[in-house]
Amino acid sequence: RLAYILVKFSLPLMLSGILQQLYNWADAFIVGNVVGELALAAVGSTTSMVNFYVLAITGFTLGLSILFAQKFGARELEDIRRILSTFLWVLGGIFLILSVLGVCFAEELLRLLHTTREALPLAADYLGIVLAGVPFLAVYNVYSAALRGIGNSRAPFYAVLLSSVVNVALDVLFVAVWGWGVAGAAIATVIAQAAMTVFLTGYGIIKYPILRFRPGRQSFDRTTLAWGCRFGIPPMLQSSVSSVGSLILQNFMNGFGTQTVAAVTTAYRVDTVIFLPIINFGSGIATMVAQKIGAGERERAAGMFRAGCGIMIVISLSLTALVLLAGEHLIAMFGLTPESVEIGKNFFFSIAGFYFVYGFCMAVRGYLEGTGDMLFSGAAGIASLLVRIVCSYGFRDIFGNMVVAYAEAFSWIFLLGILVWRYWVRRRIEAAGLN
């Protein structure tokens with residue numbers, strides 16, 4: 001029964017995550033095949049910078065979704081409205097400012113990453129346009145967190161489905177038909193994000209009275225701000241630090257040359273989609289555990305976690321088989337040269353055997369975050385990133401351009417160890433009645 005509830009809730013999350021990544025796939029696929037490998041490398045060079053914004057938003061709203069779920073489980077419905085209205089203003093305003101700064105200094109930021117000279121003009125065009133859509137993502141993710149917290153994971157999926165259709169259609173029109181190049185792909189992405197945001201906010205307002213509010217003095221509450229920050233800041237910091245780490249690793253990877261950059265960034269683009277069932281199933285565990293914790297049902301929360309671990313084994317092993325069998329062909333779809341495809345294939349064969357480790361990491365982390373242990377989860381993620389960076393630089397002479405794959409695998413092993421230790425400690429405390 002618990003496994004069924006978990007799968008029913010998590011499946012739309014997994015599908016939503018896959019469709020969201022298809023934005024980038026559509027851009028890369030069409031740009032790579034229509035414009036060429038240089039343009040594909042340019043789009044890939046912006047990934048770390050775009051992720052800095054996206055992961056900060058999704059990290060904070062991940063924490064908010066846990067808070068929403070706990071309040072919903074406790075039936076404190078008026079608090080849900082205050083959380084929603086407060087963080088629409090706060091996150092919308094903050095990321096509007098950050099978006100403007102990013103647009104103004106896109107080329108300078110890419111120079112700091114040592115983006116190759118050939119790719120820099122195209123990368124700057126793409127990044128400057130894509131960052132204009134960041135405020136839409138902020139609003140969308142706040143509403144998505146609220147809907148997930150109250151148990152509706154379907155509406156965000158429908159919003160992402162709409163956005164994916166719009167994005168692909170406009171990519172074909174702007175890039176393949178009108179010849180706007182990387183700028184056309186970026187414009188298509190921003191329009192699709194706006195459509196997704198309008199759909200979801202409209203749905204939430206019409207469907208749920210607790211998700212309605214009127215702008216004014218009552219739409220911002222300092223106490224609510226403190227609650228949300230306690231849940232949202234740790235995962236946001238972890239996501240932001242991870243993004244900074246990705247920038248460092250992007251700079252490191254750029255030293256291997258344009259061909260490796262194109263191959264590995266494309267492999268990561270595929271890998272990111274492959275990971276999404278694991279990541280979003282972990283989010284499903286976190287939300288369901290949070291609802292049970294809010295309702296005071298700790299043993300059912302533990303049962304939800306155990307059911308989630310069993311399902312996660314199946315997911316992880318299935319994805320390992322998928323990437324080993326089809327990874328090379330997925331990379332080739334993006335218009336890379338045979339030499340680049342071979343590099344990408346080697347990347348997958350280096351890392352796929354560790355997917356089950358990552359799956360267990362996300363299951364244990366989901367349980368810990370569902371119980372409200374956001375600070376430790378964020379700190380563990382940051383520590384894991386540091387391990388990854390150190391291993392990348394330290395083992396370069398051993399693994400060559402595959403070092404980014406092995407360094408990531410080593411960081412997962414480290415992360416699993418400290419998360420399992422934390423889970424064991426918390427369960428002992430709960431069993432002793434000290435919590």
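Residues numbered from 1 in each chain as written. Predicted model: local features only at pLDDT ≥ 70, side-chain atom pairs only at ≥ 80, totals over all residues. Heavy atoms only, no water.

Draft legend 1. Broad picture of the overall build of the chain. On a plain count of helices and strands, the chain comes out with 17 helices and 0 strands. Whereas a compact globule of 435 residues would reach a radius of gyration of roughly 22 Å, the chain reaches 21 Å, a difference of no more than 12%. Judged by the C-alpha coordinates and their principal axes, the chain covers about 60 × 50 × 35 Å. For the chain, the proportion of its 435 residues judged to be buried stands at 57%. Intrachain contacts of the chain at a sequence separation of at least 6 include 85% that bridge at least 24 residues. Of the side-chain charges in the chain, 29 are positive and 22 negative, and the distance between the mean point of each set is 14 Å. (Helix = DSSP H or I, 4+ residues; strand = E, 2+ residues; numbered from the N terminus. Rg over C-alpha atoms; globule rule 2.2 N^0.38 Å. Buried < 20%, exposed > 50% of the residue type's maximum accessible area, 1.4 Å probe, protein only. Contact = heavy atoms within 4.5 Å. Lys, Arg positive; Asp, Glu negative; His and termini not counted. Charge placed at Lys NZ, Arg CZ, Asp CG, Glu CD.)

Draft legend 2. Seen up close, the packing of helix 11 (residues 258-294) against helix 13 (residues 338-351). Remark: helix 11 packs on helix 13, axes separated minimally by 8 Å, with the N-to-C direction vectors making an angle of 50°. Accordingly, the angle class assigned to the pair helix 11 and helix 13 is oblique. Seen along the crossing, helix 11 lies across helix 13 with a hand that is right-handed. Across from Gln 259, Thr 260, Ala 263, Val 264, Ala 267, Tyr 268, Val 270 and Asp 271 in helix 11, the residues of helix 13 making contact are Glu 339, Ser 340, Ile 343, Gly 344, Phe 347, Phe 348 and Ile 351. Class assignment for the residues of the contact of helix 11 with helix 13 results in 9 nonpolar, 4 polar and 2 charged. (Axes fitted to C-alpha atoms, helices over the stretch in contact; angles between N-to-C directions. Parallel < 35°, antiparallel > 145°, perpendicular 65-115°, else oblique. Left-handed = near helix turned anticlockwise from the far one by under 90°. Nonpolar A, V, L, I, M, F, W, Y, C, P; charged D, E, K, R; others polar.)

Draft legend 3. Representation of the state of the cysteines within the structure. Enumeration according to the criterion identifies 0 disulfides in this entry. We note that Cys 361 lacks a disulfide partner, and the nearest cysteine sulfur, in Cys 309, lies 11 Å from it. (Disulfide = S-S within 2.5 Å.)

Draft legend 4. Just the side chain of Thr 189, in detail. Within the secondary structure layout, Thr 189 lies in helix 9 (residues 181-207). Given a relative accessible area of 4%, Thr 189 falls into the buried group. The residues contacting Thr 189, other than those within four sequence positions of it, are Asp 27, Tyr 126 and Asn 167.

Draft legend 5. Local environment of the nonpolar core. Among the nonpolar cores identified, the biggest contains 65 residues, and Leu 64, Phe 68, Leu 84, Phe 95, Ile 150 and Leu 211 are the most heavily contacted of them. If you tally residues by element for this core, the top one is helix 3 (residues 47-73), at 12 residues. Other than its neighbours up to four places away in sequence, Ile 150 contacts Phe 72, Ile 80, Tyr 208, Ile 210, Leu 211 and Gln 291. One finds Met 14, Met 304, Phe 347 and Ala 405 within the second-largest nonpolar core, a separate group that totals 62 residues. (Core = buried A, V, L, I, M, F, W, Y, C linked by side-chain atoms within 4.5 Å.)

Draft legend 6. Examining the environment of Phe 213 more closely. Note that Phe 213 resides in the loop between helix 9 and helix 10 (222-254). Note: C-alpha distance between Phe 213 and Arg 81 (132 residues apart in sequence) is 7.0 Å.

Draft legend 7. View of a nonpolar patch on the surface. Taken together, the side chains of Ile 94, Ile 97, Leu 98, Leu 101 and Phe 105 make up a nonpolar region of the molecular surface, amounting to roughly 440 Å² of accessible area. Relative to the assigned elements, Phe 105 resides in the loop between helix 4 (77-104) and helix 5 (106-112). (Patch = residues over 30% accessible without salt bridge, like charges linked within 9 Å, V, L, I, M, F, W, Y side chains within 5 Å. Areas by Shrake-Rupley, 256 points an atom, 1.4 Å probe, with all protein chains shown as cover. Salt bridge = Lys/Arg side-chain N within 4 Å of Asp/Glu carboxyl O.)

Draft legend 8. Representation of the environment of Glu 297 in the model. As for its placement among the helices and strands, Glu 297 is situated in the loop between helix 11 and helix 12 (298-332). Glu 297 gets classed as partly exposed once you look at its relative accessible area, which sits at 32%. Between the C-alpha atom of Glu 297 and that of Leu 319, which follows or precedes it by 22 residues, the distance is 33 Å.

Draft legend 9. View of the packing of aromatic side chains. The final tally for this structure, using the stated rule, is 22 aromatic pairs. With a centroid separation of 4.8 Å and an interplanar angle of 20°, the aromatic rings of Phe 174 and Trp 180 are classed as stacked. For Phe 174, a relative accessible area of 7% puts it in the buried group. Overall, the relative accessible area of 41% leaves Trp 180 in the partly exposed class. Note on Tyr 203 and Tyr 208: the rings are 6.5 Å apart at their centroids and 65° apart in plane angle, and the pair reads as edge-to-face. Using a relative accessible area of 25% as the deciding quantity, one classes Tyr 203 as partly exposed. Taken together, the ring pairs connect Phe 275, Tyr 355, Tyr 358 and Trp 412 into an aromatic cluster. The side chain of Lys 71 reaches across the aromatic face of Trp 227, ending 4.0 Å from its centre. (Phe/Tyr/Trp six-rings, centres within 6.5 Å; stacked < 30°, edge-to-face > 60°. Lys NZ or Arg CZ within 6 Å of the ring centre and 35° of its normal.)

Read these as layout, nothing more, since geometry by itself doesn't imply function.
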